[in-house]
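# Report on the structure
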Amino acid sequence: MKVLVLGASGFIGLPVCQALCRAGHIVYGFTRSSEKAKQLEAEEIIPIVGEYDNTEPWVSLVSTIDAVIDTVGGRADLRTLTMLLFRAVREAAQTHRGAYAPKLTYIATSGTWVHGDNRSEVVSDTTPITNPVEAVAWRPAVEQEIISDSVLNGMVIRPGLLYGRSGSLLAPLFQSTRETGKVVWYGKPGGRYNLVHCDDLADLYVRAVEKGLLVGGKIFDVANPQTESVDDFLQKLVEVSGVKGPYEYIEASNAYEVALGTTTLLRPYLGRALLDWVPRKAGLIDGLPIYYAAWLAAQ
Ligand SMILES: *[C@@H]1O[C@H](CO)[C@@H](O)[C@H](O)[C@H]1NC(C)=O
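This one's a predicted model, so the numbers in the text were calculated from it and none came from an experiment.

## Describing the pattern of salt bridges
Overall, the coordinates contain nine salt bridges when judged by the stated rule. Linking D149 and R90 is a salt bridge whose minimum nitrogen-to-oxygen distance equals 2.6 Å. Here the residue D149 occupies a position in the loop between α5 (139-147) and β7 (153-159), and R90 occupies one in helix α4 (residues 78-96), the gap between them amounting to 59 residues. The exposure class assigned to R90 is partly exposed, which follows from its relative accessible area of 22%. Through salt bridges with shared partners, one network takes in E143, R158 and D221.

Structure (structure tokens):
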């Protein structure tokens, strides 16, 4: 397959590109930085450099490729950007793919925060979304627009809280632990995280893109089968980092910090049932000595 990955040098995008390459696919990686483009090229990923609002450098590929994956994240204008990218690909597919071309597969990235904060109710991929956390309240409508599109073969992947490598959303916690000698994090005692390692997540993207024509229109929650205690995680971080305990919780001061304290008792099943996906990595707590060391080494 030929696959275009948007956000190719990001925390999700890079492992996805690498996994697609290892699976034998031709991978185009769109990135904004020419320095990162060089790193992509060294990984056998064909780099395309540009700005997101100028779709011209990459959109011409749409006439010949099989799939587009949007892994762009971590931006204030993410809602606008998500729709801009989706609509640009949609329009290009409509204009430049011949009348008999198969639908172009389009995979968008959401997140499990759309399930909302609830410490008692267990949910799965197909549980109706009723109360998303405020920071991502825009996502459910966008998810629906993408999976029900008539031009593109749309699909949505919702990763749980990511861990491994450079740390993703947990990196600021590791950073502040090292700088202040204390483990301080958002939330309240008794919370639980649904989690997934970035390499396991990448494996799911590969499976989803390869089976795209069978699983279009689906939304996959992607997390380990068991949630983990946030209290246990913070205690383990005290031990692994060698700082002085005990860990502490602080009050969130914005919607993003509130989201970091979200508990979703997620039991995903669709990735396993439809894509034979099984996560292989050690959990966050069991593997923390390795994950914390990896974050340190990445600094
Ligand atoms: C959790 O979900 C259940 C079932 O939907 C609901 O009855 C309950 O009010 C929710 N709890 C919170 C704290 O939102």
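## Focus on the sheet that holds strand β3 (residues 46-49)
Across the sheet, seven strands lie side by side as β3-β2-β1-β4-β5-β7-β12; this open sheet has parallel pairing. Pairing within the sheet leaves two strands with one partner each, and these edge strands are β3 and β12 (219-222). If you compare each strand with its neighbour and ignore which way they point, the axes differ by 20 degrees on average. Sheet topology note: the strand β5 (residues 105-109)/β7 ladder contains five bridges and is parallel. Each residue of the ladder has a partner; that of T109, found in β7, is I157. Lying over the sheet, helix α7 (residues 198-210) contacts β1 (2-6), β4 (67-70), β5, β7 and β12, oriented at roughly 165 degrees with respect to β7.

## Some words on the packing of aromatic side chains
Tallying each qualifying case throughout the model produces 10 aromatic pairs. A centroid spacing of 5.3 Å and a plane angle of 70 degrees characterise the contact between F86 and Y106, whose relative ring orientation is edge-to-face. Remark: Y106 occurs in strand β5 and F86 occurs in helix α4; sequence separation between them is 20 residues. Given a relative accessible area of 1%, F86 falls into the buried group. For Y106, a relative accessible area of 1% gives the class buried.

## Points about the packing of helix α6 (residues 171-180) against helix α12 (residues 288-297)
Packed helices, taken two at a time, are described by the angle between their axes plus the distance between the axes. Relative to each other, α6 and α12 sit at 80 degrees, their axes nearing to 11 Å. Classed by the angle they form, the pair α6 and α12 counts as roughly perpendicular. Counting all contacts with α6, which are made through A171, F174, Q175 and R178, the residues of α12 involved are L288, Y292, W295 and L296. Of the residues in the contact of α6 with α12, the class split is six nonpolar, one polar and one charged.

## Section: helix α9 (residues 230-241)
Relative to the 16 Å expected for 12 residues at 1.5 Å per residue, α9 spans 16 Å between its end C-alpha atoms, a close match to the ideal helical length. For α9, every residue scored as buried is listed here: V230, D231, F233, L234, L237 and V238. On an axial view of α9, the arc spanned by its buried residues comes to 165 degrees, and they lie on one face. In this fold, the buried residues of α9 make contact with α6, β9 (184-186), β10 (192-193), β13 (228-229), β14 (248-250) and α12. The opening residue of α9, the one whose side-chain oxygen lies 3.3 Å from the backbone nitrogen of D231, is S229. A positive backbone phi angle near 75 degrees is found at G242, which sits one or two residues after α9.

## Comments concerning the environment of A293
Note that A293 resides in helix α12. When the C-alpha atoms of A293 and R165 are compared, they prove to be 9.0 Å apart, with 128 residues separating the residues in sequence.

## Overview of unusual backbone geometry
Following G245, the chain continues into P246 via a peptide bond in cis, with omega recorded as -10 degrees. When you line up the elements, P246 lands in the loop between α9 and β14. Here the phi dihedral of E44 falls at roughly 70 degrees; this positive angle occurs in a residue that is not glycine. Position of E44 relative to the elements: it lies in the loop between α2 (34-42) and β3. Even without a glycine there, the phi angle at S168 is positive, about 50 degrees. Within the secondary structure, S168 sits in the loop between β8 (161-163) and α6. By relative accessible area, S168 is classed as partly exposed at 21%.

Criteria and thresholds
Sequence order sets the numbering: in each chain, residues are counted from 1 along the sequence as written. Per-residue local features of the predicted model are confined to residues with pLDDT of at least 70, and side-chain atom pairs are confined, for both listing and counting, to 80 or more; whole-chain, interface and lining totals are unaffected and use all residues. Based on all heavy atoms of the structure, the side-chain values leave hydrogens and waters out of the count. Think of a salt bridge as a Lys or Arg side-chain nitrogen and an Asp or Glu carboxyl oxygen that are within 4 Å of each other. Only DSSP runs of H or I reaching four residues or more are called helices, and only runs of E reaching two or more are called strands; each is numbered from the N terminus. Buried means the residue's accessible area, taken with a 1.4 Å probe over protein chains only, is under 20% of the maximum for its type, while exposed means over 50%, and partly exposed covers the values in between. When DSSP finds two or more bridges between two strands, those strands count as paired. All axes here are fitted lines through C-alpha atoms, helices being fitted over the stretch that makes contact, and every angle between N-to-C directions spans 0 to 180 degrees. Note on definitions: a residue-residue contact is assigned when non-hydrogen atoms from the two residues lie within 4.5 Å. Centres within 6.5 Å make a pair out of two Phe, Tyr or Trp rings, where for Trp the six-membered ring is used; the pair is then stacked when the planes are under 30 degrees apart, edge-to-face when over 60, and tilted otherwise. Should an angle fall under 35 degrees it is called roughly parallel, over 145 degrees roughly antiparallel, and 65 to 115 degrees roughly perpendicular, with every other angle called oblique. Polar here means any residue other than Ala, Val, Leu, Ile, Met, Phe, Trp, Tyr, Cys and Pro, which are nonpolar, and Asp, Glu, Lys and Arg, which are charged; Gly is therefore polar. Take the residue count of a helix, subtract one, and multiply by 1.5 Å to get its expected span. To be clear, the arc concerns the directions from the helix axis to the C-beta atoms. Polar contacts here mean pairs of N or O atoms no more than 3.5 Å apart (in protein, one a potential hydrogen donor and the other a potential acceptor; neighbouring residues in sequence count only if both atoms are side-chain atoms).

The quantities given are spatial measurements derived from coordinates; they are silent on function.
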